[in-house]
Amino acid sequence: MAKIVLGLASAHSPMLSLQPDMWPLFAERDKGNKMLTAVPSGEVVSYETLLEQTSPSVVTKANQENFDAQHAACQKAITTLEETLAEANPDVVVIIGDDQEELFFDDNMPLFAIYWGDKMRLIPRGQDAPANSILGASGWGYGDVEMDVPVNSQLALYLIEKLLEADFDMAQCRYLKDEYSGSVGPSGYIGSSIVTEKHRQGMPHAYAYVVKRIMNGKVIPIVPVIQNTFYPPNQPTPKRCYDLGRAIAKAIESWDSDKRVAIVASGGLSHFTVDEEIDWMALNGMKNKDAEALSSLPRNRLNSGHSEILNWVTAAGALEHLDFEVVDYVPVYRSPAGTGGGWGFGRWQ
Ligand SMILES: [Fe+2]
């Protein structure tokens, strides 16, 4: 039977692939972000409101000296994950991620989906953008060469079938279209419609990041598990994610194959504002194998970027048999308004 031999979890922000002297550019971009949430209420607020509310201790954290040290810490953590994966050398990597207005919009937004085509196209992003823009300078972190990433469609199909038997109504995807466009919202915490114009689009960045930064040149067949963490009204609950993880593990362990499988959670932890408390609730839940704590994380603090913590929760459900270790946790306050991210890196061995 197949065996789950390793788990990894990594933030996947563009900041991680951007030189720290460009981090202040993000603060500028934050001013127009419609998904900034107050901590701890989770309420969506403007940049100006955050600026008024932020404590003085946070205001002073956004400085270049911190940025340089935090950038170095993140690169070291990513390298550790990369080396851990290379050492374990699994045959398949199941990636638990989310789609962020890439393949799915409000015309059809599956709560959980599995991609089971035999390959998934990776299209580099930001290659036409100016080199001194965030997009142009960080795009490489999601792949710099267009390619078809192999999918272990046999395991992907098996997971769909087994998860259906376990009462999870999985959506399935088998191929990508050439171009994507659409809109999300207004709905729930998203106050207005967010429109994406038609463009070429490959695999979502949650998956492309793992291929580029964690596999780093040695591409291993993947199985993309896609969760709608971001978009109301059909975001999964933490409990549903944890239970899905458990069901994924059970299915993999019943797969009649000698393959060695790794599970990688992509995204999180808290962003676009930093919520260190919810991040540590999640990290401690994983360290303590506390299914109850992970299943009852407060949903009002799991909107917007924070919602990607759910990818870690699903992975934790699948990796209960292994021990979790925080490789590093780097809370980056990139603006005096407390915007930024709690960049987390972890592994189960
Ligand atoms: Fe993301």
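The structure presented is a predicted model; accordingly, all values stated were derived computationally and were not measured.

Participant: Which parts of the structure should I look at to understand the overall build of the chain?
Facilitator: Looking only at helices and strands, the chain has 11 helices and 13 strands in total. Here the C-alpha radius of gyration of the chain, 19 Å, is about what a compact globule of 349 residues would show, namely 20 Å. Its C-alpha atoms give the chain principal-axis dimensions of about 55 × 45 × 40 Å. Across the 349 residues in the chain, those meeting the buried criterion constitute 59%. Look at the contacts in the chain between residues 6 or more apart in sequence, and 81% of them connect residues 24 or more apart. Put simply, the chain shows about 13900 Å² of open surface, and 49% of that area lies on carbon and sulfur atoms.

Participant: Which parts of the structure should I look at to understand the packing of aromatic side chains?
Facilitator: To describe a pair of aromatic rings, one takes the distance between the centres and the angle between the planes. Tallied over the full model, the rule gives five aromatic pairs. Seen from their ring centres, Tyr142 and Tyr209 are 6.3 Å apart, and the 50° between their planes marks the pair as tilted. You can see Tyr142 sitting in the loop between helix H5 (134-138) and strand S5 (147-150) and its partner Tyr209 sitting in helix H7 (residues 205-215), a full 67 residues away along the chain. Owing to a relative accessible area of 0%, Tyr209 belongs among the buried residues under this scheme. The residue whose ring lies beneath Arg125 is Tyr142, and the NZ or CZ to ring-centre distance is 4.1 Å.

Participant: Whenever I open this one, the pairing of strand S13 (residues 339-348) confuses me. Can you help?
Facilitator: Regular strands place their side chains on alternate faces of the sheet. Burial runs high along S13: 10 of the 10 residues are buried. Note: strand S1 (residues 3-10) against S13, four bridges, orientation antiparallel. Across the sheet, Leu8 pairs through a bridge with Arg347, a residue of S13. Sheet topology note: the strand S11 (residues 271-273)/S13 ladder contains three bridges and is antiparallel. Opposite Thr273, over in S13, you have Thr339 as the bridge partner.

Participant: Would you explain the nonpolar core in this entry?
Facilitator: Nonpolar side chains in soluble globular proteins tend to end up buried together. Residues Leu85, Met203 and Phe345 are the most contacted members of the largest nonpolar core, which totals 67 residues. With eight residues, the top contributor of residues to this core is H7. The contact partners of Met203, leaving out residues within four places of it in the chain, are Met120, Arg121, Leu122, Val149, Leu176, Ala208, Val211 and Ile222. Core analysis: the second largest hydrophobic core is formed by 55 residues, Ile114, Tyr158, Leu269 and Ala282 among them.

Participant: Which parts of the structure should I look at to understand helix H9 (residues 276-287)?
Facilitator: Helix length check: H9 (12 residues) gives 16 Å between terminal C-alpha atoms against 16 Å at 1.5 Å per residue, within 8%. Here H9 has its buried residues at Ile278, Asp279, Ala282, Leu283, Gly285 and Met286. Buried residues along H9 cover an arc of 160° about the axis, so they all sit on one side. Looking at the buried residues of H9, the elements they touch are helix H10 (291-295), helix H11 (309-318), strand S12 (324-333) and S13. Just downstream of H9 lies Lys289, where phi reads positive at about 50°.

Participant: What should I look at first to understand the pairing of S1 in this one?
Facilitator: Within S1, six of the eight residues are buried, which leaves it mostly tucked inside the rest of the structure. Two elements, S1 and strand S10 (residues 260-266), share seven bridges in a ladder whose sense is parallel. Bridging from a neighbouring strand, Ile4 pairs with Val261 of S10.

Participant: Would you take a moment to explain unusual backbone geometry for this structure?
Facilitator: Peptide bonds are mostly trans, and most non-glycine residues show a negative phi. In this structure, Pro186 follows Gly185 across a cis peptide bond, with omega equal to 0°. With respect to the helices and strands, the residue Pro186 is situated in the loop between strand S7 (179-184) and strand S8 (194-200). One non-glycine residue, Asn89, lies in the positive phi region at around 45°. Along the chain, Asn89 falls in the loop between helix H4 (64-88) and strand S2 (92-98). With a relative accessible area of 39%, Asn89 lands in the partly exposed category.

Participant: It is not clear to me how the coordination of the iron ion should be interpreted in this structure. Could you clarify?
Facilitator: Under ideal tetrahedral coordination, the four donors around a metal are separated by 109.5 degrees; under ideal octahedral coordination, the six donors are separated by 90 or 180 degrees. Within the protein, His12 (NE2), Gln100 (OE1), His205 (NE2) and Glu308 (OE) serve as the donor atoms for the iron ion, at 2.1 to 2.6 Å. Note that the iron ion binds four donor atoms; their angles at the metal cover 82 to 162°, and the shape is square planar. Linear spacing of the donor residues for the iron ion on their chain is H-x87-Q-x104-H-x102-E. Taken together, the positions of Gln100 in the loop between S2 and strand S3 (112-115) and His205 in helix H7 put the pair 105 residues apart, joining distant regions of the chain. For His205, a relative accessible area of 8% translates into the label buried.

Reading guide: rules and limits
- Residues numbered from 1 in each chain as written.
- Predicted model: local features only at pLDDT ≥ 70, side-chain atom pairs only at ≥ 80, totals over all residues.
- Heavy atoms only, no water.
- Helix = DSSP H or I, 4+ residues; strand = E, 2+ residues; numbered from the N terminus.
- Rg over C-alpha atoms; globule rule 2.2 N^0.38 Å.
- Buried < 20%, exposed > 50% of the residue type's maximum accessible area, 1.4 Å probe, protein only.
- Contact = heavy atoms within 4.5 Å.
- Areas by Shrake-Rupley, 256 points an atom, 1.4 Å probe, with all protein chains shown as cover.
- Phe/Tyr/Trp six-rings, centres within 6.5 Å; stacked < 30°, edge-to-face > 60°.
- Lys NZ or Arg CZ within 6 Å of the ring centre and 35° of its normal.
- Pairing = 2+ DSSP bridges.
- Core = buried A, V, L, I, M, F, W, Y, C linked by side-chain atoms within 4.5 Å.
- Expected span 1.5 Å × (residues − 1).
- Arc of directions from axis to C-beta.
- Donors = N, O, S within 2.8 Å, 3.2 Å for Na, K, Ca; no water.
- Tetrahedral: all angles 85-135°; square planar, octahedral: opposite > 155°, others 65-115°.

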